[in-house]
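Architecture and fold: a report
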There are 6 protein chains.
Amino acid sequence: MGLTHFDDNGKAIMVDVSEKKETMREAIACGTITVNEEVYEAIENGTMKKGDVLGVATTAGIMGAKRTFELIPMCHVLPLSGCKIWYEKDPKNRTIYAFCKVKVTGQTGVEMEALTGVSIALLTIYDMCKALDKAMVIGDTFLCTKSGGKSGDIRNMKGHEKAFALLERTLGE
Amino acid sequence: MGLTHFDDNGKAIMVDVSEKKETMREAIACGTITVNEEVYEAIENGTMKKGDVLGVATTAGIMGAKRTFELIPMCHVLPLSGCKIWYEKDPKNRTIYAFCKVKVTGQTGVEMEALTGVSIALLTIYDMCKALDKAMVIGDTFLCTKSGGKSGDIRNMKGHEKAFALLERTLGE
Amino acid sequence: MGLTHFDDNGKAIMVDVSEKKETMREAIACGTITVNEEVYEAIENGTMKKGDVLGVATTAGIMGAKRTFELIPMCHVLPLSGCKIWYEKDPKNRTIYAFCKVKVTGQTGVEMEALTGVSIALLTIYDMCKALDKAMVIGDTFLCTKSGGKSGDIRNMKGHEKAFALLERTLGE
Amino acid sequence: MGLTHFDDNGKAIMVDVSEKKETMREAIACGTITVNEEVYEAIENGTMKKGDVLGVATTAGIMGAKRTFELIPMCHVLPLSGCKIWYEKDPKNRTIYAFCKVKVTGQTGVEMEALTGVSIALLTIYDMCKALDKAMVIGDTFLCTKSGGKSGDIRNMKGHEKAFALLERTLGE
Amino acid sequence: MGLTHFDDNGKAIMVDVSEKKETMREAIACGTITVNEEVYEAIENGTMKKGDVLGVATTAGIMGAKRTFELIPMCHVLPLSGCKIWYEKDPKNRTIYAFCKVKVTGQTGVEMEALTGVSIALLTIYDMCKALDKAMVIGDTFLCTKSGGKSGDIRNMKGHEKAFALLERTLGE
Amino acid sequence: MGLTHFDDNGKAIMVDVSEKKETMREAIACGTITVNEEVYEAIENGTMKKGDVLGVATTAGIMGAKRTFELIPMCHVLPLSGCKIWYEKDPKNRTIYAFCKVKVTGQTGVEMEALTGVSIALLTIYDMCKALDKAMVIGDTFLCTKSGGKSGDIRNMKGHEKAFALLERTLGE
């Protein structure tokens, strides 16, 4: 077994999934951005009153998730059946957690769409706040959970306990 | 002073840069991906013999950097004059460092293009290796250096000493 | 009941349609552009002899309809099974009526695709004629008919009797 | 004189602007959407508390304006120097007025960018509200003002007095 | 019978395929580029050691194949289930043969996707080598084989014996 | 000297053109498609009466030329100042010659834009006629002329005498 995105001669390919079963698949990804106090407050205020940084980032993230196949060379064109982006905040560390959940009924999974949605949302936050903070850091971006594919359900909690606590708070709502 | 991407009523805008001076601007961004041993070796081998994960990621990252204006809502259309992506490896931690340097002669900076280039390259690595590792993590993505704009030169070394050591090794070549 | 493109917390989402039934759906949209005499004649002549304004607008409109999911943030990626754009003319008012019919077999409707197709076609007419008329007006753009979805068949004739007369003339052909 | 988007043989062309002077150009376009009471209230509430329809539409409109060259066949690629979208409301008629102002320093005007920005914003409002109103109408979309080009300043107030009154209210702020 | 991309009035349409059967379809296209000795050697060396022209071209070709629906006006949006690009070389004539195989389960064929994949790959080779050869020629691009549609299997060997010999060498591996 | 799209380590880069002089540049490319009698007549008739294959192909080609930077990985974003596509016919061989002329004032040439414009136009002709001819061939695509860059004027007439005769007929008009 090896890298499925290469054929036996080591050439990059878009994997043939035509024999795979069409199932309902779901993936949730998470990523963070850590900002200075000025930005953290601007985002907080924005969300509540005006200057809605997270609103713009959500729109950009959903649009980005839909365009994953244009951005990531070997990703399949997938007619996503749903996409949702939301945020949790860790005020102590001035960190925003962005989550993206994607669903599809198809022959291949949507982890890349969820990860791309998170990345574009975080980059958008960065862009909108960079006048106030030149040293923001986009932190760990990873796949939280995945279900519906051949490789079984995945749950990457190890090392990401905090993100999972926030995730469960949302999902439990 | 506040978030420049919002007007006085808190509405998101694409900032008017028509009065800003056209200067040569440059930005370098960095990000990482940490993988398991099997993937790390596959990438190493790929680069040397076949299955060139990093080659595909470079192409995707450069193409992504050029399309930043389509992905990040308030970014300007910028005719980049150059873009380069390269990698450094930390075998002990099985971490790949991706760097993206972007140049433009224009009225606004290219930090978003450099960050987007890095993000798309890292997502591409993720995509091509995800069959072998379900728990990869895309780590700190940040702006290393920036020059040429009104806000002066930026150098975000603090907290990123390792990335800077690798960056200087490349630039010093 | 409320705006389906927002979740219970008021966050914008791409609606989850994974449980909806896949049916054959169709939508027809209509819009107009009113121009001065010089342009009206140029379009008339163009269609007959050379300088085919409406031909270019049709191509642009069909291409735009296919890209609706890239333009309208919460629209789903839909593999349209057919798209057609055509025009009817009202010489007395120097008004061009553009119609766009879209079909899909899917879990969500195609009214946005039909409306986007009409809008891009009309904007293209505007672009190609703007040297001759600085005061053109793109008039009422609306959904004429829709069929195949859960909400039943729709027929928005009220207030649009003229457009419907022209539409029926075409469909009756 | 005739349609500049066609050559002497009537073939569509992208006009050669290489000899035109590079000047600062600006255009403002306007369009409307008229909705039922339920939607009008949802939009009002959304803007104030949650479910921000107009915020999503603004983001989509700005992104659409930047991509005008991809959508309108004969439009030039223009590195817009600024883009702003805003709304005025006419509660009596349950009509939303969308305005888009675009600036560029270039060899050709930005009226198409302003009109495209308005159209995509209005289509986005339509999309987000269509569950509550199947009969919305996107009304007159037109160029309000234009400045900076060879053809002199344009001001299309005739027949659009209401839109101009709202426009001046905003610009006078 | 006539051109299916036009309706009875001669207007261009995106053909309605909603009544066609969904079957597994495959197409292979081929095209060539002939270069001077310096470039031929650079490509040979690149593939083996560094400066991987064909690797970049493969990535571009696969990405181009996925975007066929955006580029070719009347093509349907197709969720390709697989795409592969590879090369064969004719050293005597300094000619590179590019092949692209595309698969889909759908209502319409993928010959345009295969042809577009080949064209974009060849254009990419041209771009990367044009500093060394100002007179390269992209030669015959054609559909080699097609299967799975209503019109039966196609095999265009006549006049393309050399390409077919190379194709069979690969497929026979 | 070597492949400029690779750095000294053989990594693909988007060449830094920031030090190059901004000059007016122009390129003309040519390509052909050879079709059977039925298609040749359909195209002839289409151009004259209805079913305008070449009109759709022109629109697609111009749009494709503008998007070259999205398709060819190492191409720069170029704000083309003009683009024109036209055709000449060789009835004896049932061959259509497509020409694309592109102009820009910039730091790098537009041969790739001209070649991409030609390729997309030819692929569009193929798409629109493929119901009538399963064995069309897109023939030699090459750069005819180029001017305005550092490498001096280029004129690739050798081996392309026929195309040049047709080209001069057009330019001499």
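Look a little higher up for the structure.
A quick note: this is a predicted structure, and the numbers were derived from the prediction, not measured. (Residues numbered from 1 in each chain as written. Chains lettered and ligands numbered in written order. Predicted model: local features only at pLDDT ≥ 70, side-chain atom pairs only at ≥ 80, totals over all residues. Heavy atoms only, no water.)

**Some details on the overall build of chain A**
On a plain count of helices and strands, chain A comes out with five helices and six strands. Along the chain direction, N to C, the helices and strands of chain A fall in the order β-α-α-α-β-β-α-β-β-β-α. Whereas a compact globule of 173 residues would reach a radius of gyration of roughly 16 Å, chain A reaches 17 Å, a difference of no more than 12%. Along the first, second and third principal axes, the C-alpha atoms of chain A reach 50 × 35 × 30 Å. Among the 173 residues that make up chain A, the fraction classed as buried is 65%. Restricting to contacts in chain A with at least 6 residues of sequence separation, those with at least 24 account for 68%. Summed over its atoms, the accessible surface of chain A is roughly 6,100 Å², and 49% of this surface lies on carbon and sulfur atoms. One finds the centroid of the 22 positive side-chain charges in chain A at a distance of 2 Å from the centroid of its 23 negative side-chain charges. (Helix = DSSP H or I, 4+ residues; strand = E, 2+ residues; numbered from the N terminus. Rg over C-alpha atoms; globule rule 2.2 N^0.38 Å. Buried < 20%, exposed > 50% of the residue type's maximum accessible area, 1.4 Å probe, protein only. Contact = heavy atoms within 4.5 Å. Areas by Shrake-Rupley, 256 points an atom, 1.4 Å probe, with all protein chains shown as cover. Lys, Arg positive; Asp, Glu negative; His and termini not counted. Charge placed at Lys NZ, Arg CZ, Asp CG, Glu CD.)

**A closer look at the pairing of strand E1 (residues 23-34) of chain E**
Residues and elements named next belong to chain E. Both E1 and strand E3 (residues 95-106) contribute to a ladder of twelve bridges, which runs antiparallel. Across the sheet, Cys30 pairs through a bridge with Phe99, a residue of E3. Judged from the two bridges that link them, E1 and strand E4 (residues 137-138) form a sheet pairing that is antiparallel. When the sheet's bridge partners are listed, Thr34 is paired in E4 with Val137. (Pairing = 2+ DSSP bridges.)

**A few points about the side chain of Lys103 of chain B**
Relative to the helices and strands, Lys103 of chain B is located in strand E3 (residues 95-106). Its relative accessible area of 14% is what places Lys103 of chain B among the buried residues. Those residues within four positions of Lys103 of chain B in sequence are excluded, and the remaining contacts are Met24, Arg25, Glu26, Leu80, Ser81 and Gly82 of chain B together with Asp16 and Ser18 of chain F.

**Let's talk about empty space enclosed by the protein**
On inspection of all chains with the given rule, the structure shows 14 cavities of 30 Å³ or more. If you add up the space inside the largest cavity, you get close to 90 Å³. What lines the largest cavity is a set of 13 residues, and nearest its centre among them are Met63 of chain A, Glu70 of chain B, Glu70 of chain C together with Met63 and Arg67 of chain D. When grouped by side-chain class, the residues that make up the lining of the largest cavity number seven nonpolar, two polar and four charged. (1 Å grid on protein atoms, 1.4 Å probe; cavity = no way out; pocket = protein on both sides within 12 Å on 5 of 7 lines; lining within 4 Å. Points joined across faces, edges and corners; volume = space filled by probe spheres on them. Nonpolar A, V, L, I, M, F, W, Y, C, P; charged D, E, K, R; others polar.)

**Section: the interface of chain A and chain B**
Interface size is commonly expressed as the accessible area that is lost once the parts come together. Listed as interface residues are 53 residues of chain A and, on the opposing side, 53 residues of chain B. Summed over both sides, the interface between chain A and chain B buries roughly 4,500 Å², with carbon and sulfur atoms accounting for 69% of that surface. Taken together, the connections running from chain A to chain B amount to two salt bridges. Between Arg67 of chain A and Glu70 of chain B there is a salt bridge, and its shortest N-O distance comes to 2.7 Å. At the boundary of chain A and chain B, one finds eight residue pairs in polar contact (both at pLDDT 80 or more). The element contributing the most residues to the side of chain A that touches chain B is helix H4 (residues 111-129) of chain A, with twelve residues. (Buried area = accessible area lost by both parts, 1.4 Å probe. Salt bridge = Lys/Arg side-chain N within 4 Å of Asp/Glu carboxyl O. Polar contact = N/O pair within 3.5 Å; in protein donor to acceptor, adjacent residues only side chain to side chain.)

**Quick look at the pattern of salt bridges**
According to the stated counting rule, one finds 66 salt bridges over all chains in the structure shown. Two residues, Asp16 of chain F and Lys103 of chain B, come together in a salt bridge whose shortest N-O distance is 2.8 Å. Pair noted here: Asp16 of chain F is in the segment before strand E1 (23-34) and Lys103 of chain B is in strand E3, and the two residues belong to different chains. Looking at Asp16 of chain F, the relative accessible area reads 38%, which means it is partly exposed. Note that Glu168 of chain D and Arg155 of chain D form a salt bridge whose closest N and O atoms lie 2.6 Å from each other. Pair noted here: Glu168 of chain D is in helix H5 (residues 161-172) and Arg155 of chain D is in strand E6 (residues 154-155), with a separation of 13 residues, a long-range link. Of the residues examined, Glu168 of chain D reaches a relative accessible area of 38% and is grouped as partly exposed.

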